[in-house]
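These are the residues of each chain, in order.
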Amino acid sequence: MNAAASTFLLPDTGEPGFGVYIHWPFCAAKCPYCDFNSHVRHQPVDQPRFVSAFLREMERMRALSGPKTVTSIFIGGGTPSLMDPQTVDAILSGIARSWHVPDGIEITMEANPSSVEAERFRGYRAAGVNRVSLGVQALNDRDLKFLGRLHNVEDALKAIRLAREIFPRMSFDLIYARPNQTVEAWEAELRQAISYAVDHLSLYQLTIEEGTPFYGLHKAGKLIVPDGDQSATLYEATQDITASEGMPAYEVSNHARPGAESRHNLTYWRYGDYAGIGPGAHGRLTTGRDKLATATERNPERWLDLVEQDGHGMVDRERLGLEEQADELLLMGLRLREGIDLARWSAFSGRDLNPDREALLLEHGFVERIGNSRLRCTPSGMLILDAVVADLAC
Ligand code: SF4
């Protein structure tokens with residue numbers, strides 16, 4: 001763990017912070033498993049026009065949030081590393097004009113190995129980005145091709161080396177539970193990944209999302225993914241190896257050395273507020289006892305038109321009452337190894353957890369108490385997280 005990372009360790013104090021999320025919605029090609037809001041354009045994107053729209057929507061979000069101190073910024077996508085460094089610089093400067101941005105807060109940007117060049121990385125760093133998250137996804141060329149990625153292993157390793165050299169903090173993503181992937185092959189790949197990692201890794205199981213090309217292939221029986229038991233074995237192997245290498249899971253799919261957790265993602269999972277800006281971005285902004293759930297238009301050009309016409313691209317704005325906030329807190333918080341603060345949940349819901357339901361989950365070993373004040377999922381509870389949440393929310 002480097003010295004910079006240790007300063008980011010934040011215990012759950014009940015003050016989950018305020019994040020700003022920026023969504024860049026373009027990719028060079030669409031991966032066949034992806035259901036994110038990402039679009040391919042065959043003409044160059046008018047980046048200055050997008051910058052103006054980001055800044056206008058930011059003003060609107062600032063009006064809704066009121067003055068705040070930002071604790072993290074995350075530029076996601078899509079492929080934000082297709083942005084020019086000047087675009088990133090203009091967006092970060094806009095955030096600093098809208099809210100108070102203390103020096104040294106975590107500023108993450110996602111990048112794809114295929115769009116990485118040293119000069120651009122240095123430009124992002126000069127603009128203020130201090131953490132990069134690379135979409136590596138696999139460490140063998142056959143699987144990268146199967147996943148529709150534009151990079152090969154050599155590109156990925158080059159990007160990792162550059163990121164380590166230029167940014168104080170870095171993470172990368174891998175997708176496992178691929179067709180025909182044996183536990184032994186995944187274990188070897190994971191150990192290799194850990195040897196390249198600094199202090200953070202995101203490890204996702206391949207999921208088949210409706211509306212994607214993989215969904216059609218899967219439905220037609222042409223793409224077979226590991227079944228429930230195989231997935232559970234792969235998941236357990238992932239937990240064991242990362243824990244033994246000092247990078248245990250702090251969330252279902254995220255692993256870090258202590259102190260190197262993603263500050264921004266912790267804000268989501270600890271149910272803090274965040275402003276979501278850009279096409280298809282979601283936000284949560286507390287206003288009195290309510291929380292405003294915001295969502296913007298997903299199509300980039302329609303979003304641009306809306307912002308230019310109305311000053312924002314919000315198409316959904318829902319007030320969440322306390323009971324709904326309690327449900328969301330449970331849903332997000334139980335993803336974390338630290339679990340939830342029961343008093344905070346009760347403050348939202350106005351009640352305690354149903355003792356019979358909790359007792360049953362405790363008896364089956366799906367949840368456990370941490371002292372008197374916190375509840376978390378056990379590793380076996382994590383495998384059936386949705387069911388645990390549904391049970392406790394009643
Ligand atoms: S690069 Fe990422 S966001 Fe873009 S299509 Fe692939 S998985 Fe989706």
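Under an unreviewed UniProt entry, the name given to the chain is Heme chaperone HemW, and the source organism is Ectorhizobium quercum. What the UniProt record of the chain gives under Sequence similarities (unreviewed entry) is the line "Belongs to the anaerobic coproporphyrinogen-III oxidase family. HemW subfamily."

Caption draft 1: Representation of the pattern of salt bridges in the model. On inspection of all chains with the given rule, the structure shows 21 salt bridges. Where Arg49 meets Asp305, a salt bridge forms, and the shortest distance between an N and an O atom there is 3.5 Å. Taken as a pair, Arg49 in helix α2 (residues 47-65) and Asp305 in helix α11 (residues 300-310) lie far apart in primary sequence, 256 residues in all. What makes Arg49 partly exposed here is its relative accessible area of 32%. Classification of Asp305 by relative accessible area gives partly exposed; the value is 42%. For the salt bridge of Glu338 with Arg270, the shortest nitrogen-to-oxygen distance reads 2.8 Å. In this pair, Glu338 is assigned in the loop between α12 (322-333) and β13 (340-341) and Arg270 in the loop between α10 (263-269) and β9 (273-277), connecting sequence segments 68 residues apart. Shared partners join several salt bridges into a network, and the residues in it are Arg142, Asp143, Arg178 and Glu189.

Caption draft 2: Fine view of the environment of Ile208. Relative to the assigned elements, Ile208 resides in the loop between β6 (200-205) and α8 (213-219). Contacts of Ile208, omitting those with residues within four sequence positions, involve Phe214, Tyr215, His218, Leu223 and Val225.

Caption draft 3: The site of the ligand, seen in detail. With respect to spatial proximity, the complete set of residues near the ligand consists of Cys27, Ala29, Lys30, Cys31, Tyr33, Cys34, Phe36, Ser38, Gly78, Thr79, Asn112 and Arg149. Of the residues that constitute the shell around the ligand, the class distribution is six nonpolar, four polar and two charged.

Caption draft 4: Focus on the packing of α12 against helix α13 (residues 342-349). Here α12 crosses α13 at 150 degrees, and the two axes come no closer than 7 Å. It follows from the interaxial angle that α12 and α13 lie roughly antiparallel. Between α12, through Leu322, Glu323, Gln325, Ala326, Leu329 and Leu330, and α13, the contact on the second element is made entirely by Arg344, Trp345, Phe348 and Ser349. Within the contact of α12 with α13, the residues separate by chemical class into six nonpolar, two polar and two charged.

Caption draft 5: Representation of unusual backbone geometry within the structure. Of note, the amide linkage connecting Gly77 to Gly78 takes the cis form, showing an omega dihedral of 20 degrees. As for its position among the elements, Gly78 is in the loop between β2 (72-77) and α3 (85-98). Located in the positive-phi region is Ala177, a residue other than glycine, with phi close to 60 degrees. With respect to the element layout, Ala177 can be found in the loop between β5 (169-176) and α7 (183-196).

Rules behind the numbers
- Residues numbered from 1 in each chain as written.
- Predicted model: local features only at pLDDT ≥ 70, side-chain atom pairs only at ≥ 80, totals over all residues.
- Heavy atoms only, no water.
- UniProt positions renumbered as here; feature names shortened; annotations may be inferred.
- Salt bridge = Lys/Arg side-chain N within 4 Å of Asp/Glu carboxyl O.
- Helix = DSSP H or I, 4+ residues; strand = E, 2+ residues; numbered from the N terminus.
- Buried < 20%, exposed > 50% of the residue type's maximum accessible area, 1.4 Å probe, protein only.
- Contact = heavy atoms within 4.5 Å.
- Near = heavy atom within 4 Å.
- Nonpolar A, V, L, I, M, F, W, Y, C, P; charged D, E, K, R; others polar.
- Axes fitted to C-alpha atoms, helices over the stretch in contact; angles between N-to-C directions.
- Parallel < 35°, antiparallel > 145°, perpendicular 65-115°, else oblique.

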